[in-house]
Amino acid sequence: MCFGDGTSYPSVSHNNGRSVDTRYLSSSKDEKKKVLAFKKFFFTDIITGTSGWYAGLPSHKHFDDHNDHLHTGVIDTSKVKVIKK
Ligand SMILES: [Zn+2]
């Protein structure tokens, strides 16, 4: 996500943990479930790769520099419901 002080050099999209990178699971079926789960929880910037089955994942964007990891970022906070005790 980011370093302990909130920075994310060289990335500019991971500061303060706004985004997270994860390695792909071993099968497209399992990875698709993960992508859809992130979408269900209102992540709006999901990026996957362009090669092999990565290109078929239901992400928002596909870039070739994401052929080795899934980028998931930016929760739409307008959709988050705060429950107060
Ligand atoms: Zn990323």
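Details of the structure are given in the entry above.
Fair warning: this is a prediction, and the values are worked out from it, not measured in the lab. (Residues numbered from 1 in each chain as written. Predicted model: local features only at pLDDT ≥ 70, side-chain atom pairs only at ≥ 80, totals over all residues. Heavy atoms only, no water.)

Right, let's talk about the packing of aromatic side chains for a bit. The way to describe two aromatic rings as a pair is by their centre distance and the angle between their planes. One pass over the full model with this rule turns up four aromatic pairs. Taking the centre distance of 4.1 Å and the plane angle of 15 degrees together, the rings of Tyr 24 and Tyr 54 count as stacked. Of the two residues, Tyr 24 sits in the loop between strand E1 (19–22) and helix H1 (28–40) while Tyr 54 sits in the loop between strand E2 (43–48) and strand E3 (61–62), which places them 30 residues apart along the sequence. Owing to a relative accessible area of 13%, Tyr 24 belongs among the buried residues under this scheme. (Phe/Tyr/Trp six-rings, centres within 6.5 Å; stacked < 30°, edge-to-face > 60°. Helix = DSSP H or I, 4+ residues; strand = E, 2+ residues; numbered from the N terminus. Buried < 20%, exposed > 50% of the residue type's maximum accessible area, 1.4 Å probe, protein only.)

Ligation of the zinc ion by protein atoms is provided by His 14 (NE2), Asp 21 (OD) and His 71 (ND1), these donors lying 2.0 to 2.1 Å from the ion. In the primary sequence, the donor residues of the zinc ion line up as H-x6-D-x49-H. Of this pair, Asp 21 sits in strand E1 while His 71 is found in strand E4 (residues 70–75), placing the two residues 50 residues apart along the sequence. Owing to a relative accessible area of 36%, Asp 21 belongs among the partly exposed residues under this scheme. (Donors = N, O, S within 2.8 Å, 3.2 Å for Na, K, Ca; no water.)

The next subject is a nonpolar patch on the surface. Taken together, the side chains of Phe 42, Ile 75, Val 80 and Val 82 define a hydrophobic patch exposed on the protein surface, amounting to about 350 Å² of accessible area. Positionally, Val 82 belongs in the segment after E4. Val 82 gets classed as exposed once you look at its relative accessible area, which sits at 65%. (Patch = residues over 30% accessible without salt bridge, like charges linked within 9 Å, V, L, I, M, F, W, Y side chains within 5 Å. Areas by Shrake-Rupley, 256 points an atom, 1.4 Å probe, with all protein chains shown as cover. Salt bridge = Lys/Arg side-chain N within 4 Å of Asp/Glu carboxyl O.)

What follows covers H1. Taking 1.5 Å of rise per residue, the 13 residues of H1 would be expected to cover 18 Å, and the 18 Å separating its terminal C-alpha atoms lies within 8% of that figure. Inspection of H1 places Glu 31, Lys 34, Val 35 and Phe 38 among the buried residues, and these make up the whole buried set. Buried residues along H1 cover an arc of 95 degrees about the axis, so they all sit on one side. In H1, those exposed residues whose orientation departs by more than 90 degrees from the buried face are Lys 29, Lys 33 and Lys 40. Among the structural elements, E1, E2 and E4 are those in contact with the buried residues of H1. Positive phi shows up at Phe 42, right after H1, with a value of about 70 degrees. (Expected span 1.5 Å × (residues − 1). Arc of directions from axis to C-beta. Contact = heavy atoms within 4.5 Å.)

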